[in-house]
Amino acid sequence: DPDIPLHLSAYHPAWRMDAPATPRATLERAFAQASRRLRYVYLGNVAGELGRDTRCAGCGAVAVVRQGYATEVRMNGAACPGCGARLPIVTA
């Protein structure tokens, strides 16, 4: 189902782990490949705007903004704030 969300998260070495961190280029390649088949692909544990927000698959308007642990829902109920299309997103 193209509406299934996929979260790709970068690895960072932590307690007792010493493998190198996930290169940003690796995440960007995975994001590009997954985005060809899925509408909602996200990147985590990495700075930048790519894969951060939820966008309408139809018009590209930002429906949910993510900044760190904070989110801002911009949808009108279940509708895209740009074109009004119904989005398969649960916000409650």
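Throughout what follows, the structure given in this document is the object of discussion. Residues take numbers from 1 onward in each chain, read along the sequence in its written order. The predicted origin of the model limits local features to residues at a pLDDT of at least 70 and limits the giving and counting of side-chain atom pairs to 80 or more, whereas totals for whole chains, interfaces and linings rest on all residues. With hydrogens and water excluded, all non-hydrogen atoms of the structure serve as input to the side-chain values.

### Structural notes on the nonpolar core
We count it as follows: Only buried residues count toward a nonpolar core, which is a set of Ala, Val, Leu, Ile, Met, Phe, Trp, Tyr and Cys residues joined through side-chain atoms within 4.5 Å. Exposed residues in this analysis have more than 50% of their type's maximum accessible area, buried residues have under 20%, and partly exposed residues fall in between, with area computed by a 1.4 Å probe over protein chains only. When checking whether two residues touch, look at their non-hydrogen atoms; a contact exists if any pair is within 4.5 Å.
In terms of nonpolar packing, the biggest core is built from nine residues, these being Tyr40, Tyr42, Cys56, Ala61, Ala63, Val64, Met75, Cys80 and Leu87. Not counting residues within four places of it along the chain, the set of residues in contact with Cys56 comprises Ala61, Cys80, Cys83 and Leu87. Ala10, Ala34, Val41 and Leu43 belong to the second largest nonpolar core, which has seven residues in total.

### Description of the pairing of strand β2 (residues 41–44)
Spelled out, the test is: Here a strand pair is declared whenever DSSP counts at least two bridges between the two strands. Only DSSP runs of H or I reaching four residues or more are called helices, and only runs of E reaching two or more are called strands; each is numbered from the N terminus. If you view a crossover with the strands going away from you and the path from the first strand over the helix to the second runs clockwise, you call it right-handed.
Where strand β1 (residues 6–9) and β2 come together, four bridges link them in parallel fashion. Bridge pairing in β2 places Leu6 opposite Val41. Running through helix α1 (residues 24–35), the crossover from β1 to the neighbouring parallel element β2 is right-handed.

### Considerations on the pattern of salt bridges
Here is the rule we go by: Each reported salt bridge corresponds to a side-chain nitrogen of Lys or Arg within 4 Å of a carboxyl oxygen of Asp or Glu.
Under the defined criterion, the tally for this structure stands at four salt bridges. Among the salt bridges present, the one from Arg39 reaches Asp3, with a minimum N-O distance of 2.6 Å. Here Arg39 is found in the loop between α1 and β2, whereas its partner Asp3 is found in the segment before β1, with 36 residues between them in sequence. Looking at Asp3, the relative accessible area reads 25%, which means it is partly exposed.

### Brief notes about α1
Inclusion rule: By definition here, a helix of n residues has an expected span of 1.5 Å times n minus one. Here the arc refers to the directions that run from the helix axis out to each C-beta atom.
Helix length check: α1 (12 residues) gives 16 Å between terminal C-alpha atoms against 16 Å at 1.5 Å per residue, within 8%. Along α1, the positions that sit buried rather than exposed are Leu27, Phe31 and Ala34. Projected down its long axis, α1 shows its buried positions confined to an angular sector of 75°, all on one face. Along its buried surface, α1 packs onto β1 and β2.

### A short note on the sheet that holds strand β4 (residues 62–67)
Here three strands make up an open sheet; going across it, the order is β3-β4-β5 and the pairing antiparallel. Strands at the two margins of the open sheet, each flanked by one partner only, are β3 (54–55) and β5 (70–73). Taken together, the two bridges between β3 and β4 define a ladder with antiparallel strand orientation. Bridge pairing in β4 links Thr54 to Val64.

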